[in-house]
Amino acid sequence: MSQGSSQRPHRVAVIVDEGTNPFEVGVATELFGLPRPELGLPGPLYEVVLCGPAPRIRMNHGFCTLTGVPGLDAVDGADTLVVPGRPDNVVPRVPAVLDAIRRAHARGTRIVSFCTGTFALAEAGLLDGRRAATHWRWADSFRRLHPKVLLEPDVLFVDEGDVLTAAGSAAALDLGLYIWRCDQGAEIANHVSRRLVFAAHRDGGQRQFVERPVPDVRDESLGPLLAWAQERLGEPLTVADLAAHARVSPATLHRRFRAQLGTTPLAWLTAERVALACRLIERGEERLDVVAARSGLGTAANLRARLRRATGLSPSAYRRRFGGGGGEALVP
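Quick caveat, the model's predicted, so the values are computed rather than measured. (Residues numbered from 1 in each chain as written. Predicted model: local features only at pLDDT ≥ 70, side-chain atom pairs only at ≥ 80, totals over all residues. Heavy atoms only, no water.)

### A look at the sheet that holds strand β6 (residues 110-113)
Here is the rule: Strand pairing requires that DSSP identify at least two bridges connecting the strands. The helix and strand labels rest on DSSP assignments: H or I over at least four residues marks a helix, E over at least two residues marks a strand, and numbering proceeds from the N terminus. Axis definition: a line fitted to C-alpha atoms, over the contacting stretch in the case of helices. Angles run 0 to 180 degrees between N-to-C directions. Any two residues whose heavy atoms approach within 4.5 Å are treated as being in contact.
Taken in spatial order, the six strands line up as β2-β1-β5-β6-β10-β9 in an open sheet, and their pairing is mixed. In the strand order of this sheet, the two ends are held by β2 (46-51) and β9 (157-159), each with one partner. Each strand axis lies, on average, 15° off the axis of its neighbour in the sheet, ignoring direction. Relative to β6, strand β5 (residues 80-83) runs parallel, the two sharing four bridges. Bridging across to β6, T80 finds its partner in R110. Strands in contact with helix α1 (residues 22-32) are β1 (10-15), β2 and β5; relative to β2, the strand with the most contacts, it is inclined by about 155°.

### Focus on the pattern of salt bridges
Applicable threshold: Salt bridges are identified by distance alone: a Lys or Arg side-chain nitrogen within 4 Å of an Asp or Glu carboxyl oxygen. Throughout, exposure labels follow a simple rule: accessible area from a 1.4 Å probe, protein chains only, divided by the maximum for the residue type, with under 20% read as buried, over 50% as exposed, and the rest as partly exposed.
In the structure shown here, the tally under the stated rule is 16 salt bridges. Note that R86 is salt-bridged to D88, the shortest N-O span being 2.9 Å. The partly exposed category is assigned to D88, whose relative accessible area is 30%. Of the charged contacts, one joins R232 and E231 as a salt bridge, the two residues approaching to 3.6 Å between their closest N and O atoms. When salt bridges with common partners are traced through the structure, they connect R130, R131, E152, E160 and D162 into a single cluster.

### Thoughts on helix α11 (residues 288-295)
Of the residues making up α11, those classed as buried are L288, V290, V291, A292 and S295. Buried positions along α11 lie against α10 (265-282), α12 (300-311) and α13 (315-322). With its phi angle positive at about 85°, G296 sits one or two positions after the end of α11.

### Digging into unusual backbone geometry
Of note in this structure, C115 is not a glycine but carries a positive phi near 60°. Structurally, C115 can be placed in the loop between β6 and α3 (117-123). Although it is not a glycine, R247 adopts a positive phi angle of roughly 60°. Along the chain, the position of R247 falls in the loop between α8 (239-246) and α9 (250-261).

### Structural notes on the packing of α11 against α12
We apply this condition: Relative orientations are named as follows: roughly parallel for angles under 35 degrees, roughly antiparallel for angles over 145 degrees, roughly perpendicular for angles from 65 to 115 degrees, and oblique for any other angle. Amino acid classes used here: Ala, Val, Leu, Ile, Met, Phe, Trp, Tyr, Cys and Pro are nonpolar; Asp, Glu, Lys and Arg are charged; the rest, including Gly, are polar.
Their axes nearest at 8 Å, the elements α11 and α12 cross at an angle of 80°. Overall, the two elements α11 and α12 adopt an arrangement that is roughly perpendicular. On α12, the residues touching L288, V291 and A292 of α11 are A300, L303 and R304. By residue class, the composition of the contact of α11 with α12 is five nonpolar, no polar and one charged.

Don't take any of this as a statement about function, it's just geometry.
Pasting the structure below:
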């Protein structure tokens, strides 16, 4: 996938069609269209253009109407194409929209769908035989219309390389931050997530529907425990240590993590340690054993395995891509 360079920002085109959901358009513009002076960079990393099949687009349920919308030829200059969802998914998309999606995919543009935008990608023929995510409410309808697509009904998002699909409106934020992380590294993605006041990293395999029952008496939020653990990732923390600090049994802690985060304590702890290791590498730490120790991953071998599983890259490849310190190999 092409990324922004020193010559120009990474261009993101967002297709707006009749009935498009305003929230997901807002997610795309918030993530990729706003200036980010807090990053201290000489220029923007992304630029966004909205485009559509007509200059006037009536949004979902007539909530608002966009005017002066550029035509779909704006797709031809994009590095990434975002297709938001709309509620009338059984109604075929206009041919011009499907042609623009196919044309972008054929020229190597990264294709991203938010929520039920997956229907448009499937209708354009991009998803046959491939994994995809869409909103759980529309899963049965999606299977009936597109039986050749390998629908993942209970995940936040799916990354198929050139095509990425998010399950729901909030999952669009997860996928957007994942894209920031893949393109620009964990350190910059964390800055963006803090500005959004949103979780920096939720793995795409986490559950879509997370139960959050109202506590009967006391607040059982995991927030204080997570903050406490994040300050001690380099220590030999275990799930038993987390449970002891929270003053609950490991089984109770496991249930709370499942209910509130859709993952397990161990999986969360490992993901946080990998994220810390990424930040250390980005900041220029070359000694692999130091990164492993400070992130709590223990050994260089474990760090290599965990980093490759999470990012698809070795530590040295990750540093070459995101470290900004040249292409030297990390020192074992």
